[in-house]
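Chain residues, written in single-letter form:
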Amino acid sequence: MNIQWYPGHMTKTRRMMEENLSLVDVVIELLDARIPYSSKNPDIDTLAKNKRRIIVMNKSDLADPAKTEIWKKYFENKGFTVILSDAVKGTGVNKVSDAARVLMKDKIEKEKARGRLFVPIRAMIVGIPNVGKSTFINKSVGKTTAKTGDKPGVTKGKQWIRLKKDFELLDTPGILWPKFEDEEVGLKLAMIGSINDDILDTETLCTEFINLMMSIDPDRIRNRYKAEFDTIEEPHDILEKIAAARGFIKKGGEPDCGRAAKIILDEFRGGKIGKITLELPEDIRDMSAKTAEKEAEKKARDKERKAAYKAKNK
Ligand code: G4P
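Read on for a plain summary of the structure.

What counts, and at which threshold
- Residues numbered from 1 in each chain as written.
- Predicted model: local features only at pLDDT ≥ 70, side-chain atom pairs only at ≥ 80, totals over all residues.
- Heavy atoms only, no water.
- Helix = DSSP H or I, 4+ residues; strand = E, 2+ residues; numbered from the N terminus.
- Buried < 20%, exposed > 50% of the residue type's maximum accessible area, 1.4 Å probe, protein only.
- Contact = heavy atoms within 4.5 Å.
- Areas by Shrake-Rupley, 256 points an atom, 1.4 Å probe, with all protein chains shown as cover.
- Arc of directions from axis to C-beta.
- Phe/Tyr/Trp six-rings, centres within 6.5 Å; stacked < 30°, edge-to-face > 60°.
- Lys NZ or Arg CZ within 6 Å of the ring centre and 35° of its normal.
- Near = heavy atom within 4 Å.
- Polar contact = N/O pair within 3.5 Å; in protein donor to acceptor, adjacent residues only side chain to side chain.
- Nonpolar A, V, L, I, M, F, W, Y, C, P; charged D, E, K, R; others polar.
- Patch = residues over 30% accessible without salt bridge, like charges linked within 9 Å, V, L, I, M, F, W, Y side chains within 5 Å.
- Salt bridge = Lys/Arg side-chain N within 4 Å of Asp/Glu carboxyl O.
- Lys, Arg positive; Asp, Glu negative; His and termini not counted.
- Charge placed at Lys NZ, Arg CZ, Asp CG, Glu CD.

### Re the overall build of the protein chain
Moving on, step 1. Looking only at helices and strands, one finds twelve helices and seven strands in the protein chain.
Moving on, step 2. Reported as C-alpha extents along the three principal axes, the dimensions of the protein chain are approximately 80 × 60 × 35 Å.
Moving on, step 3. A total of 314 residues make up the protein chain; the buried ones form 45% of that total.
Moving on, step 4. For the protein chain, long-range pairs separated by at least 24 residues make up 70% of all intrachain contacts whose partners lie at least 6 apart in sequence.
Moving on, step 5. Total accessible area on the protein chain is roughly 16,900 Å²; 50% of this is exposed by carbon and sulfur atoms.

### Let's talk about helix 10 (residues 235–245)
Moving on, step 1. All buried positions along helix 10 are accounted for by P235, I238, L239, I242 and A243. The buried side chains of helix 10 occupy one side of the element, clustering within an arc of 145 degrees when seen end-on.
Moving on, step 2. On the buried face of helix 10, the contacting elements are helix 8 (202–216), helix 9 (218–225) and helix 11 (257–269).
Moving on, step 3. Taken from the residues just after helix 10, G247 is the one with a positive phi, measuring 80 degrees.

### Re the packing of aromatic side chains
Moving on, step 1. In total, this model carries five aromatic pairs according to the counting rule given.
Moving on, step 2. A ring pair is formed by Y74 and F75, whose centres lie 5.3 Å apart and whose planes are at 70 degrees; its orientation type is edge-to-face.
Moving on, step 3. On the basis of relative accessible area, F75 is assigned to the buried category, the value being 3%.
Moving on, step 4. Seen from their ring centres, F209 and F268 are 4.6 Å apart, and the 35 degrees between their planes marks the pair as tilted. Residue F209 is found in helix 8, and its partner F268 is found in helix 11; the two are separated by 59 residues along the sequence.
Moving on, step 5. Since its relative accessible area comes to 3%, F268 is described here as buried.
Moving on, step 6. In this structure an aromatic cluster arises from ring pairing among W71, Y74, F75 and F80.
Moving on, step 7. Lying across the ring of Y37, K179 places its NZ or CZ 3.9 Å from the centre.

### Let's talk about the site of the ligand
Moving on, step 1. Among the 14 residues in the neighbourhood of the ligand, the closest are listed as D61, A87, N130, K133 and T135.
Moving on, step 2. At a separation of 2.8 Å, an oxygen atom of the ligand approaches a polar backbone atom of A87.
Moving on, step 3. Within the side chain of K133, an N or O atom sits 2.8 Å from an oxygen atom of the ligand.
Moving on, step 4. Alone, the ligand offers 700 Å² of accessible surface; in the complex the protein occludes 61% of this.
Moving on, step 5. At three residues, helix 6 (residues 133–141) tops the list of elements feeding residues into the shell around the ligand.
Moving on, step 6. Its residues assigned to classes, the shell around the ligand shows five nonpolar, five polar and four charged.

### As for a negative patch on the surface
Moving on, step 1. A surface patch of like charges, here negative, comprises E234, D237, E240 and E254.
Moving on, step 2. By the secondary structure assignment, E234 is in the loop between helix 9 and helix 10.
Moving on, step 3. Exposure remark for E234: the relative accessible area of 54% places this residue in the exposed category.

### Quick word on the environment of R52
Moving on, step 1. Here R52 shows up in strand 2 (residues 52–58).
Moving on, step 2. Given a relative accessible area of 23%, R52 falls into the partly exposed group.
Moving on, step 3. Not counting the four nearest positions on each side in its chain, R52 is found in contact with D25, V26, V27, L103, M104, D106 and K107.
Moving on, step 4. Within the structure, R52 has its side chain in polar contact with the backbone oxygen of L103 (distance 2.7 Å).
Moving on, step 5. In this structure the side chain of R52 is engaged in a polar contact, spanning 2.9 Å, whose partner is the side chain of D106.

Structure, rendered in structure tokens:
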């Protein structure tokens, strides 16, 4: 599942994506409804700039419905057609072809006016790993024919799946890279289980998750784990309290935070803590400000280091 993206790899994927995009009218971009910003490829707007676009907020069964509505409006205000889906159950999947037809209406009418009797629509599904692309395609087809490995871009021999008389989908999704320059995005992708846990150890990741939940909805954590804590406590102390409340105690009597962390993250990912969305459109500005701040700090540190080096080697 985990792809290591490196510059050459990205260039190749980009090229393949451009090639495939030239064959379609509509780009269907899958996002994870729990992190619609963090699961969005940073370059898709440039890559698909001349295409009609549909955003599918997948895994909406796991996301907070009120926040999903806020995100839906946010993307609609930016001119996107937005569909909510649960690809496992199939909810929303069938809405895509109708939405594509509405988006293509003017083109179809133009073609028909020119005398073409039949104007088929071709579309392609794109998204970062693990957002549910294969599940979505499989559900659209109704059987498991679209299973793919983690090949970035798409395979060479292109195949089309005819979903409706006038609607065809490229059978292999376009796998895109995530926004990895932003640390907070990386954390959220790890929290939902979209990138490998080995990047961060489970306990640190869970501590970050608890920290975030304290600002989103602390009662969800309180109620699920029957632990008493104050939201301003150190997140790791809260994790210790949860471990103790669950009876996860190591031999020496210390709380087993590693075990508690794994369970908390698994339960979050499985929707057992509730329907939770980790970000809102208003957080995006905060995140970019934080990233800019970090960049500035890094630049200042580099400058200091260079100055120290120069002084030393005078
Ligand atoms: P990808 O092609 O974009 O990489 O994603 P894929 O379809 O492989 O889906 C990744 C995981 O997300 C799968 O779970 C899949 O079942 C799950 N998934 C996809 N869409 C939805 C959705 O709308 N709701 C929920 N709740 N889950 C979804 P997995 O753990 O990898 O496998 P498994 O649980 O199916 O065994």
